[in-house]
Amino acid sequence: MTPSKIVTGIALATTLLAGPALAEATTLRIAHVWPGGSLIDRELFQAWAESVEEASDGRLKVQIFPGATLTGADNAYQGVVNGIADIGATAQGYNAGRFPLTQVVELPGVSASSSQGSCILQSLYDQGHFEEEYSDTRPLFMFTTGPGYLHTKERLIETPQDLEGLRMRRPTPVVGDMFTRLGAQAVGMPAPEVFTSMQRGVVDGLSFNWEGMKTFRLNELASYHTEVPLYDLALFATMNQRTYDSLPEDLQQVIDDHSGMEWSLRAAAVYDELIRQGRQDAEEAGHEFLVIDNALEHPEWGPVLNETIERYLEEIGEVGRTIYQAATALQDECQA
């Protein structure tokens, strides 16, 4: 064999042996709605990205687009369907009418914390109760924000009647309908827009969880807090099916290993810490609080909340009622 053929043979053998290592990495683009640098961005999405990159030996890279910079809060899901983002994360409620069965978990009294709500939501999905609502993507994990309360700028809301005449940012259409029934003006807007709207007087208050109050700096504007659980916002992280299908089986397994209940509860742990911090910030600022215990049985708030539940279940039919019963049955298993 000539020297040139020996060199060529060595080069070919080296290339074959190193093939997988030299293969170009696949970059996954994550679009989410939380501010860049926030605890959710760092401890959930950046942590997920770092874990995926490590588990794939660098063959998967993850590029994160926080703060609704790649896809808006209300079109993050469709952005994944269309391939604008490979993975999207936002609230189901920002996609009006698209996830009615999933949003059963948002009804008052279903959960008392992010950990409990996330466990209930992920369990219901894993049991197949509403997987058809995500048939055009591949869900990775689902979680919830923890209970959303009332937060106002000028005065404390003590009874449902105190909402009359106020302009209130609604987190979901269900809460918006409740506000309207109580004589308030329900204003819909994505969470990142609320601070500016409150600052300019577009809204007098809002219904939000304590995480949102911290993440979006709303404790700087709202000094009165009525802790009556109006909802628990459902959230998701989902992947473009074509992107997933294009991966080799071992990298698909990496994605599968970063899906499901483990990551649902990891997301919830971040939320529950932010809930603690958000309320603590308000306490340290000397804000005023009213806590409504056993809200579904409360003489003033109970009828309003139970009517809200019943109206929604009537709207979506018996399948929704079955899911509601399954959700409440999971409460003990998914302890708060």
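Here's a quick rundown of the structure. Note that the structure is predicted; figures quoted are calculated from it, not measured. (Residues numbered from 1 in each chain as written. Predicted model: local features only at pLDDT ≥ 70, side-chain atom pairs only at ≥ 80, totals over all residues. Heavy atoms only, no water.)

### Focus: the packing of aromatic side chains
Item 1. Inspection of the entire model under this criterion finds 14 aromatic pairs.
Item 2. Seen from their ring centres, F99 and Y134 are 4.8 Å apart, and the 20 degrees between their planes marks the pair as stacked. Taken together, the positions of F99 in the loop between β3 (87-91) and α5 (114-126) and Y134 in the loop between α5 and β4 (138-152) put the pair 35 residues apart, joining distant regions of the chain.
Item 3. Look at F99 and you get buried, because its relative accessible area is 0%. (Phe/Tyr/Trp six-rings, centres within 6.5 Å; stacked < 30°, edge-to-face > 60°. Helix = DSSP H or I, 4+ residues; strand = E, 2+ residues; numbered from the N terminus. Buried < 20%, exposed > 50% of the residue type's maximum accessible area, 1.4 Å probe, protein only.)

### Remarks on empty space enclosed by the protein
Item 1. A complete count under the given rule lists two cavities of 30 Å³ or more for this structure.
Item 2. Taken as a whole, the largest cavity holds about 130 Å³ of empty space.
Item 3. Looking at the lining of the largest cavity, the elements with two or more residues in it are β3 and β8 (224-239).
Item 4. Along the lines of polarity and charge, the residues of the lining of the largest cavity split into 13 nonpolar, three polar and two charged.
Item 5. Taken as a whole, the second largest cavity spans an internal volume of roughly 50 Å³.
Item 6. Lining the second largest cavity we find Q103, E106, L107, P108, T172, V174, V175, L230 and Y231.
Item 7. Mapped by element, the contributors of at least two residues to the lining of the second largest cavity are α6 (173-181) and β8.
Item 8. Looking at the lining of the second largest cavity residue by residue, the class counts come to six nonpolar, two polar and one charged. (1 Å grid on protein atoms, 1.4 Å probe; cavity = no way out; pocket = protein on both sides within 12 Å on 5 of 7 lines; lining within 4 Å. Points joined across faces, edges and corners; volume = space filled by probe spheres on them. Nonpolar A, V, L, I, M, F, W, Y, C, P; charged D, E, K, R; others polar.)

### Considerations on the pattern of salt bridges
Item 1. Across all of its chains, the model carries 16 salt bridges by this definition.
Item 2. Here D86 makes a salt bridge to R29, at a shortest N to O gap of 3.0 Å. Of this pair, D86 sits in the loop between α4 (76-81) and β3 while R29 sits in strand β1 (residues 26-32), placing them 57 residues apart in sequence.
Item 3. On the basis of relative accessibility, which here comes to 7%, the residue D86 falls in the buried class.
Item 4. With its nearest N and O atoms 2.8 Å apart, the salt bridge here joins E227 to R279. Remark: R279 occurs in helix α11 (residues 261-284) and E227 occurs in strand β8; sequence separation between them is 52 residues.
Item 5. Under the relative-accessibility criterion, E227 is labelled buried at 8%.
Item 6. Several salt bridges share partner residues, and in doing so they unite D177, R181, E307 and R311 into one network. (Salt bridge = Lys/Arg side-chain N within 4 Å of Asp/Glu carboxyl O.)

### A closer look at the state of the cysteines
Item 1. With the rule as written, the count across this model stands at one disulfide.
Item 2. Disulfide pairing is shown between C119 and C334; the S-S distance is 2.0 Å. Negative torsions about the S-S bond denote left-handed disulfides, and the value of about -55 degrees found for C119 with C334 makes this one left-handed. Of this pair, C119 sits in helix α5 while C334 sits in the segment after α13 (318-329), and the two are 215 residues apart along the sequence.
Item 3. Of the residues examined, C119 reaches a relative accessible area of 12% and is grouped as buried. (Disulfide = S-S within 2.5 Å.)

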